[in-house]
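Here is how the chains run, residue by residue.
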Amino acid sequence: MKIDGNTGVLGIIGDPVAHSGSPSLHNFLAEKLGDNLVYVPFPVKPQGLSAAIQGAYRLGIRGMNVTVPHKQTVLEEVTELDDAALTIGAVNTLVRIRGGYKGYNTDYSGFMRQLDHDSVIVYDKPVIVLGAGGAAHAVIYALEKIGASEIYLLNRSRDKAEKDFGKRKNIRILDFEDWEKIPKAKYICIQCTSVGLAPREKECVIRDEGFFELIQTGVDLIYDPRETVFMKKVREHGGQAYNGLRMLMYQAVSAYELFADREVPEEVLEELYEQLDP
Ligand code: ATR
């Protein structure tokens, strides 16, 4: 990587950020594509968010990703907001515009690109979503945009799910224990909780074998471990299962495409995926 007087700076703001895989993904893309860009981590505490964004603008920073705990609060700091980010209620990408930054959400577009890559057809199909946190908001936005026929949303805190999704006609909210109320059929199921993530990789939000009989295609947003208990059970019951590595990659790629104002060619995507999963 050659840094000179014209190098554009990109970065990720969060707390913590040291563990983030984003710098290596974005720097790989910049290098492969020959873009004069560098991507660095910026640890920012909640009380410093506003000043950090103003400072970034003054320093000429071209774009930033935003991670925990700022994805919602950063909505207050943007100059413009993409419609999808507004509906989802979270921003993970800031792109420099005149006077500040425009906020986008590439988690939802990353998820759509993963479905597309894995040929998971959601249009007019019923879908089960496990979890109602930040990731689930982006997933549900994508599922509705693609045209899922109905969504069964199961969450530990039912009141939280009711508050955010209770008024939506096509979304039925249930407790995990009530999974048997889901009509018997074959479903696409998206696992959006943090249960099963290393080091607690032996866990799964639902363990009943009968539940897995309902699943034809399961996508777990977790990618560490590469095969979660959820995925294993889907496969044991004859379904197809995918982890969240492609979504991770595609949300970064979609952000990079906004930062660099170019498309990342297919062959570079496959090389990038190789880096993630050698
Ligand atoms: P993210 O941005 O990754 O979605 P989040 O917004 O904190 O993170 O959401 C985490 C999700 O995992 C939520 O649906 C959460 O359930 P609650 O809404 O009840 O908090 C779910 N989750 C986390 N730990 C859980 C556990 N031990 N059992 C069941 N669900 C859990």
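Residues numbered from 1 in each chain as written. Predicted model: local features only at pLDDT ≥ 70, side-chain atom pairs only at ≥ 80, totals over all residues. Heavy atoms only, no water.

Considerations on the overall build of the chain
The helix and strand inventory of the chain stands at ten helices and twelve strands. Its C-alpha atoms give the chain a radius of gyration of 19 Å, near enough to 19 Å, the size a compact globule of 278 residues would have. If one aligns the C-alpha atoms of the chain with their principal axes, the spans along those axes are about 60 × 40 × 35 Å. For the chain, the share of sequence-separated contacts (at least 6 apart) that also reach a separation of at least 24 residues comes to 66%. A total accessible area of about 13,600 Å² is found for the chain, and carbon and sulfur atoms account for 49% of it. Here the chain holds 32 positive side-chain charges and 40 negative ones, and the gap between their average locations is 3 Å. (Helix = DSSP H or I, 4+ residues; strand = E, 2+ residues; numbered from the N terminus. Rg over C-alpha atoms; globule rule 2.2 N^0.38 Å. Contact = heavy atoms within 4.5 Å. Areas by Shrake-Rupley, 256 points an atom, 1.4 Å probe, with all protein chains shown as cover. Lys, Arg positive; Asp, Glu negative; His and termini not counted. Charge placed at Lys NZ, Arg CZ, Asp CG, Glu CD.)

Details of the site of the ligand
What surrounds the ligand is a group of 13 residues, the closest being Gly134, Ala135, Asn155, Arg156 and Ser157. Backbone polar atom of alanine 132 to an oxygen atom of the ligand: 3.0 Å apart, as the coordinates give it. Between the ligand and the protein, one listed contact pairs an oxygen atom with a side-chain N or O atom of lysine 160 at 3.0 Å. Contact with the protein chains hides 67% of the accessible area of the ligand, taken as 650 Å² for the molecule alone. (Near = heavy atom within 4 Å. Polar contact = N/O pair within 3.5 Å; in protein donor to acceptor, adjacent residues only side chain to side chain.)

A few points about the packing of aromatic side chains
Across all of its chains, the model carries six aromatic pairs by this definition. Measuring from ring centre to ring centre gives 6.0 Å for tyrosine 57 and tyrosine 101, while their planes differ by 85°; the resulting arrangement is edge-to-face. Of this pair, tyrosine 57 sits in helix α2 (residues 49-58) while tyrosine 101 sits in strand β6 (residues 100-104); the two residues are 44 residues apart in sequence, bridging distant segments of the chain. An aromatic cluster of three or more residues is present, and its members are Trp179, Phe211, Phe212 and Phe230. Here the basic side chain of arginine 246 rests over the ring of tyrosine 273, its NZ or CZ set 3.6 Å away from the ring centre. (Phe/Tyr/Trp six-rings, centres within 6.5 Å; stacked < 30°, edge-to-face > 60°. Lys NZ or Arg CZ within 6 Å of the ring centre and 35° of its normal.)

Focus on the domain arrangement of the chain
Along its sequence, the chain is organised into domain 1 (8-105 + 247-276) and domain 2 (109-243). If you average the C-alpha positions of domain 1 and of domain 2, the two centres end up 26 Å apart. Each side of the interface is counted separately: domain 1 has 14 residues, and domain 2 has twelve residues. Here domain 1 and domain 2 share one salt bridge between them. When the shortest N-O distance is used, the salt bridge between glutamate 257 and arginine 113 registers 3.0 Å. Taken together, domain 1 and domain 2 are joined by four residue pairs in polar contact (both at pLDDT 80 or more). The element best represented in the side of domain 1 that touches domain 2 is helix α9 (residues 245-260), accounting for seven residues. Tallied by class, residues from the side of domain 1 that touches domain 2 come to eight nonpolar, four polar and two charged. (Domains from an automatic or database assignment. Salt bridge = Lys/Arg side-chain N within 4 Å of Asp/Glu carboxyl O. Nonpolar A, V, L, I, M, F, W, Y, C, P; charged D, E, K, R; others polar.)

Some thoughts on the packing of helix α4 (residues 106-117) against helix α5 (residues 134-146)
For the pair α4 and α5, interaxial distance at closest approach is 8 Å and the crossing angle is 55°. As far as their axial angle goes, α5 and α4 are oblique. The hand of the α4/α5 crossing is right-handed. For the pair α4 and α5, contact is made by Asp107, Tyr108, Phe111, Met112 and Leu115 and by Ala138, Val139, Tyr141, Ala142, Leu143, Lys145 and Ile146, respectively. Of the residues belonging to the contact of α4 with α5, the class tally is ten nonpolar, no polar and two charged. (Axes fitted to C-alpha atoms, helices over the stretch in contact; angles between N-to-C directions. Parallel < 35°, antiparallel > 145°, perpendicular 65-115°, else oblique. Left-handed = near helix turned anticlockwise from the far one by under 90°.)

Thoughts on the sheet that holds β6
One open sheet holds the six strands; their spatial order is β2-β1-β3-β5-β6-β4, and the pairing between them is mixed. Two strands bound the open sheet, and with one partner strand each, they are β2 (37-43) and β4 (80-81). Pairing analysis gives three bridges linking strand β3 (residues 63-66) to strand β5 (residues 93-97), with the strands arranged antiparallel. Bridge pairing in β5 links methionine 64 to leucine 94. (Pairing = 2+ DSSP bridges.)

Focus on the pairing of β2
Along any regular strand the residues' side chains alternate between the sheet's two faces. In this sheet, β2 lies alongside strand β1 (residues 8-14) in parallel orientation, the contact comprising seven bridges. The residue of β2 that forms the bridge with glycine 11 is valine 40. Once the chain exits β1 it traverses helix α1 (residues 22-33) before rejoining the sheet at β2, and the crossover so formed is right-handed. (Right-handed = clockwise from strand over helix to strand, strands pointing away.)

Quick look at the packing of α4 against α9
The interhelical angle for the contact between α4 and α9, taken along N-to-C directions, is 120°, at an axis separation of 7 Å. As far as their axial angle goes, α9 and α4 are oblique. Our pair here, α4 against α9, has a crossing hand that is right-handed. Residues Thr106, Asp107, Ser109, Gly110, Phe111, Arg113, Gln114 and His117 of α4 form the contact with α9, whose own contacting residues are Arg246, Met247, Tyr250, Gln251, Val253, Ser254, Ala255, Glu257 and Leu258. Grouping the constituent residues of the contact of α4 with α9 by class yields six nonpolar, seven polar and four charged.

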